[in-house]
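# Results of the structural survey
Here are the chains, one letter per residue:
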Amino acid sequence: MADANISTDLAGRVALVTGASSGLGWRFAQTLARAGAAVVAGGRRADRVEALAAELVAQGRRAAGCGLDVCDPASITAAVDFAERTYGPVDILINNAGVADANYAAKLSLETVDRVIDTNFRGVFLMSVEVARRLIDAGKPGGIVNISSSGAYHYAHKSAAALYSATKAGVSRLTETLAVEWAAFGINVNAIAPGFFRSEMSAGYLDRVGATVKQAFPRKRFGDPEFLDSTLLYLVSPDSHFVTGTCILVDDGQMPR
Ligand SMILES: NC(=O)c1ccc[n+]([C@@H]2O[C@H](COP(=O)([O-])OP(=O)(O)OC[C@H]3O[C@@H](n4cnc5c(N)ncnc54)[C@H](OP(=O)(O)O)[C@@H]3O)[C@@H](O)[C@H]2O)c1
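Once a new chain begins, its residue numbering starts again from 1 and follows that chain's sequence as written. Under the rules for a predicted model, residues below a pLDDT of 70 receive no local features and side-chain atom pairs below 80 are neither given nor counted, while totals for whole chains, interfaces and linings still include all residues. Hydrogen atoms and water are omitted, and side-chain values are computed over all heavy atoms in the structure.

## Focus on the overall build of the protein chain
Counting from the N terminus, the helices are the DSSP runs of H or I reaching at least four residues and the strands are the DSSP runs of E reaching at least two. Summing up its helical and strand segments, the protein chain has seven helices and seven strands in all. Start at the N end of the protein chain and walk to the C end: the helices and strands fall as β-α-β-α-β-α-β-α-β-α-β-α-α-β. Relative to a compact globule of 257 residues, whose C-alpha radius of gyration would be 18 Å, the protein chain shows 18 Å and is just as compact. Projected onto the principal axes, the alpha-carbon positions of the protein chain cover approximately 50 × 45 × 40 Å. Here the globule rule is a power law, 2.2 Å times the number of residues to the power 0.38, and the radius of gyration is based on C-alpha atoms.

Written out as structure tokens, the structure reads:
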């Protein structure tokens, strides 16, 4: 059989990962850098993304940290400018930054409502447009991967994440609409919808009720961030150029269909 047509060599690519200061984003930045991309790790905790970048540089990778607040349009522009100045035009964007609501809808403060929508939905839209506009102007192709959630597709009455789940449904739909709008420009837009994974966001919840929640899952386990490596690399591989507008649910069968 001829060799399969799949390369995960990202040499020459420039990746920007939002929310890389912890959890899944930390791992996405590592995975892309190890595949050869120059990576800009963004997050509000600049010390954390700079520490991650230093760790990668010490391993011989190309990486830089950059303070980034996806709720602030000026910060978005500054981060994309920084990436461009440091490594060249961003052609891989991982829209990973996200926050939970972690409460029932009727109990959310207006501040939380705005923060969840601004981070999880508006931030994804503004980041995508900032990167895509520059690619379109330069006539260059690129790839965007949005981090949605299994919560976009499944909701149970005690999930206490009604707003979060709706913003993630928005992310999945935005993935489809932007993919179609930008297909002619060579920009692919896809998403990953993780199930329950260990991270800072989920730590409190898993500590409180993780043992019980796990019992309801067919394989009685949570995900570790590295379980998403293969899906991420598949979506950003140059050989996945025909794959756009899709959202891959990676949840170990945790949720009913
Ligand atoms: N863990 C799970 O089970 C799970 C399941 C489905 C989907 N997800 C999604 O996966 C993504 C990563 O979450 P995680 O589980 O890895 O949680 P996490 O460890 O809490 O990571 C969230 C990241 O988002 C960043 N962030 C939050 N607000 C931001 C802002 N305004 N600007 C820039 N960065 C911001 C945080 O960094 P700073 O605080 O430094 O800004 C942090 O690095 C999220 O979109 C989440 O919804 C997670």
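## Remarks on the site of the ligand
It suffices for a single heavy atom of a residue to lie within 4 Å of a molecule or strand for the residue to be listed as near it. The local shell around the ligand holds 29 residues, among which Ser21, Asn96, Tyr164, Phe197 and Ser199 are the closest. Within the backbone of Leu24, an N or O atom sits 2.8 Å from an oxygen atom of the ligand. Residue Arg44 places a side-chain N or O atom 2.7 Å away from an oxygen atom belonging to the ligand. Note that accessible areas follow from Shrake-Rupley with a 1.4 Å probe, and for residues the cover is restricted to the protein chains shown. When the ligand sits alone it has 870 Å² of accessible area, and the protein chains cover 95% of it. Looking at the shell around the ligand, the elements that each hand over two or more residues are α1 (23-34), α5 (162-182) and α6 (200-215). Classification convention: Asp, Glu, Lys, Arg as charged; Ala, Val, Leu, Ile, Met, Phe, Trp, Tyr, Cys, Pro as nonpolar; all other residues, Gly among them, as polar. Split into classes, the residues belonging to the shell around the ligand amount to twelve nonpolar, twelve polar and five charged. Identification of polar contacts relies on pairs of N or O atoms within 3.5 Å, with a donor-acceptor requirement for protein atoms, meaning one able to donate a hydrogen and the other able to accept it, and with residues adjacent in sequence counted only if both atoms are side-chain atoms.

## A few points about the environment of Glu226
Tracing the chain through its elements places Glu226 in the loop between α6 and α7 (229-236). Here the alpha-carbon distance between Glu226 and Val129, two residues 97 residues apart in the chain, equals 28 Å.

## A look at the sheet that holds strand β2 (residues 38-43)
Strand pairing is assigned whenever DSSP detects at least two bridges linking the two strands. With parallel pairing, seven strands are arranged side by side in an open sheet as β3-β2-β1-β4-β5-β6-β7. Where the open sheet ends on each side, the last strands, each with one partner, are β3 (63-67) and β7 (247-250). On average, each strand axis in the sheet is inclined to that of its neighbour by 15°, with strand direction left out of account. Direction of pairing for strand β5 (residues 142-147) relative to strand β6 (residues 187-194): parallel, over a ladder of six bridges. Within the sheet, the bridge partner assigned to Gly143 lies in β6 and is Asn188. Fitted lines through C-alpha atoms give the axes, limited to the stretch in contact for helices. The angle between two N-to-C directions lies from 0 to 180 degrees.

## Regarding the side chain of Ser22
Summarising the element assignment, Ser22 is placed in the loop between β1 (14-17) and α1. Leaving out residues up to four positions away in the same chain, Ser22 has contacts with Arg45, Arg48 and Glu200. Note on contacts: a residue pair qualifies if any of its non-hydrogen atoms lie within 4.5 Å across the two residues.

## Digging into helix α3 (residues 73-87)
Given a helix with a known number of residues, its expected span is that number minus one, times 1.5 Å. With 15 residues, α3 should cover 21 Å at 1.5 Å per step; its first-to-last C-alpha distance of 21 Å lies within 8% of that length. For the exposure calls, accessible area comes from a 1.4 Å probe over protein chains only, and a residue counts as buried if that area is under 20% of its type's maximum, exposed if over 50%, partly exposed in between. Among the residues of α3, Ser75, Ile76, Ala79, Val80, Ala83 and Tyr87 are the ones counted as buried. Viewed end-on, α3 has its buried residues packed into an arc of 135°, placing them on one side of the element. Facing away from the buried side of α3, by more than 90 degrees, are the exposed residues Ala74 and Arg85. Among the residues of α3, the N-terminal cap falls to Asp72, whose side-chain oxygen and the backbone nitrogen of Ala74 are separated by 3.0 Å. Trailing α3 by a residue or two, Gly88 shows a phi angle of about 110°, which is positive. As used here, the arc is the angular range of directions from the helix axis to the C-beta atoms.

## Remarks on the environment of Val124
Structurally, the position occupied by Val124 is in helix α4 (residues 110-138). Along the sequence, Val124 and Thr18 sit 106 residues apart, while their C-alpha atoms lie 9.3 Å from each other. Leave out the neighbours within four places in its chain, and Val124 touches Asn95, Thr119, Asn146, Val171 and Leu174.

## Comments concerning the packing of α1 against α7
It is at 10 Å that the axes of α1 and α7 come closest, and there the two elements cross at 55°. In terms of orientation, α1 lies oblique with respect to α7. In terms of crossing hand, the pair formed by α1 and α7 is right-handed. In this structure, α1 uses Arg27, Phe28, Thr31 and Leu32 to contact α7, whose residues at the interface are Asp229, Leu232, Leu233 and Val236. Residues belonging to the contact of α1 with α7 are distributed by class as follows: five nonpolar, one polar and two charged. Here is the rule for angles: anything less than 35 degrees is roughly parallel, anything more than 145 is roughly antiparallel, 65 through 115 is roughly perpendicular, and the remaining ranges are oblique. In this scheme, a crossing is called left-handed if the near helix is turned counterclockwise away from the far one by less than a right angle; it is called right-handed if the turn is clockwise.

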